[in-house]
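Listed below, chain by chain, are the residues.
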Amino acid sequence: MSQTMQREIDEAEKVLLHTYNRYQVIFERGEGVYLYDTDGKKYLDFVSGIAVFALGYHNVEYNDALKDQIDKIIHTSNYYYNLPAIEAAKKLKKISGMDRVFFTNSGAEAIEGAIKTARKYGYLKDGRTDHEIIAMEHSFHGRTMGALSVTGNPHYREPFEPMIGNIKFARLNDFDSVERLVTDRTCAILLETVQGEGGVYPAEEEFLRKVRALCDEKDILMMLDEIQCGMGRTGEMFAWQRYGIKPDVMAAAKALGCGVPVGAFLMTEKVGAHSLAAGDHGTTYGGNPLACAAVCRVIELFEKLNVLDNVRQVGGYLEKCLDAVRNDFSCVETRRGVGMMQGLVFDRPVGDIITNAMDKGLVLINAGTNIIRLVPPLVITREHVDEMTAILRKSISEVCGGKN
Ligand SMILES: *Cc1c(COP(=O)(O)O)cnc(C)c1O
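*Asks:* Any chance you could explain the packing of aromatic side chains here in plain terms?
*Replies:* To describe a pair of aromatic rings, one takes the distance between the centres and the angle between the planes. One pass over the structure, following the stated rule, counts five aromatic pairs. With centroids separated by 5.1 Å and ring planes inclined at 90°, the aromatic side chains of Phe27 and Tyr43 adopt a geometry described as edge-to-face. A residue pair is termed long-range when its members are at least 10 positions apart, and Phe27 in strand E1 (residues 27–31) and Tyr43 in strand E3 (residues 42–45) qualify at 16 residues. Residue classification places Phe27 among the partly exposed positions, given a relative accessible area of 32%. By relative accessible area, which is 4% here, Tyr43 ends up buried. Consider the rings of Phe102 and Phe265, whose centres lie 5.1 Å apart with planes at 25°: the pair is stacked. Here Phe102 is found in strand E4 (residues 100–104), whereas its partner Phe265 is found in strand E12 (residues 263–267), with 163 residues between them in sequence. A relative accessible area of 22% means that Phe102 is categorised as partly exposed. Of the aromatic side chains, those joined through ring pairs into one cluster are Phe53, Tyr57 and Tyr62. Sitting over the face of the ring of Tyr36, Arg29 holds its NZ or CZ atom 4.2 Å from the ring centroid. A cation sits over an aromatic face here: Arg336 above Tyr201, 3.8 Å from the ring centre.

What follows is the structure in structure tokens.
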């Protein structure tokens, strides 16, 4: 690392709150699926800002949409209509099959909205205020107090207790553990269709179908967090679309704006008519013209670039290459994931492997201590997968030993 970069990092450590143990690098610009640090060193990016920059960096059409919008208007209040928000909501409705959209600035805020939707739905149903939400162990829904309350990692929650009340935790893919927790006060069951931070655990089709049937039977809202696994990452626009079920409420963010901070929670017409009403919820920035111009262009580019086809094809190839890595190294226990959301599970902490790969010009991220998570831009090619695999193999070999 150059002295200039080191100096900037030292400055950062003096002014930024120490909430992250950051990798020792400053990324300055991106081109396609490559990042460049302030020293000009090039990196292949298999993180995309944690499943955000799906279209790759410096996409000219995406950039132009933002520049055009900046020249018109960046912000108006939600007390007025704006054209990009109308268009973005229509497009989202079309790709999701949901009916009503509320735009937020982040994933956590989308979850907050979903929680409020569920509570109000229950309240309107029976007038009670003690409704319960069932969430999953190992889940991750964000860092605000509401989102944290439904996050199934006690370690994240403990210092900030008490959480919001009446949240219970079941186990993903264990239907009995869900059913056991249902009472006449349950208003929602919340889960990630593919768990991300918690270790890349896909929900199984049978589990999802049973949860859907249970929710129908008891008039409970099925709420899916598609913040990481949505927007094409699994080869469908939203991961639940693979399974012939449909949620009542859904949260999106991350790749929704491909870098502009924007999230959304969406619901069916029925839930929209029986939950949040005028005065119940709001946001200053959410759904502003700049963010929504990004959403519109992102959805257009997904179609134009056949992103879903690419995820299915190259994602399949990625799986194959990762399975070969698993077979060749005894320190790799298993591979999990769908499409371009993959996890390699190791028998040890993966920090050193990630740092080693970084030195060799490959950006990877963990999920938990022992899992390397691969969430590349959705426009990668087989060649990029080959390039990634070659570096990954070298790094594993150097850190864990074994075949290269
Ligand atoms: C990232 C993430 C969130 C939180 O999103 P933020 O934009 O960081 O608030 C919530 N749920 C899932 C599944 C996520 O991956």
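*Asks:* Could you clarify how one ought to interpret a nonpolar patch on the surface in this entry?
*Replies:* On the surface, Tyr81, Leu83 and Ile86 cluster together into a nonpolar patch covering about 420 Å² of accessible area. Within the element layout of this structure, Ile86 appears in helix H4 (residues 83–96).

*Asks:* What is the right way to read the environment of Arg29 from this model?
*Replies:* Within the secondary structure, Arg29 sits in strand E1. On a C-alpha basis, the gap between Arg29 and Gly40 in space is 9.2 Å, while along the polypeptide they are 11 residues apart. For Arg29, the contacting residues outside a window of four places in its chain are Tyr34, Leu35 and Tyr36.

*Asks:* What is the right way to look at the site of the ligand in this model?
*Replies:* Contacts to the ligand come from Ser106, Gly107, Ala108, Phe140, His141, Gly142, Glu192, Asp225, Ile227, Gln228 and Lys254. In the environment of the ligand, a nitrogen atom lies 2.7 Å from a nitrogen or oxygen atom belonging to the side chain of Asp225. Taking 380 Å² as the accessible area of the ligand by itself, protein coverage stands at 81%. Looking at side-chain class alone, the shell around the ligand contains three nonpolar, five polar and three charged residues.

Cut-offs used in this document
- Residues numbered from 1 in each chain as written.
- Predicted model: local features only at pLDDT ≥ 70, side-chain atom pairs only at ≥ 80, totals over all residues.
- Heavy atoms only, no water.
- Phe/Tyr/Trp six-rings, centres within 6.5 Å; stacked < 30°, edge-to-face > 60°.
- Helix = DSSP H or I, 4+ residues; strand = E, 2+ residues; numbered from the N terminus.
- Buried < 20%, exposed > 50% of the residue type's maximum accessible area, 1.4 Å probe, protein only.
- Lys NZ or Arg CZ within 6 Å of the ring centre and 35° of its normal.
- Patch = residues over 30% accessible without salt bridge, like charges linked within 9 Å, V, L, I, M, F, W, Y side chains within 5 Å.
- Areas by Shrake-Rupley, 256 points an atom, 1.4 Å probe, with all protein chains shown as cover.
- Salt bridge = Lys/Arg side-chain N within 4 Å of Asp/Glu carboxyl O.
- Contact = heavy atoms within 4.5 Å.
- Near = heavy atom within 4 Å.
- Polar contact = N/O pair within 3.5 Å; in protein donor to acceptor, adjacent residues only side chain to side chain.
- Nonpolar A, V, L, I, M, F, W, Y, C, P; charged D, E, K, R; others polar.

Nothing here speaks to function; it is all geometry.
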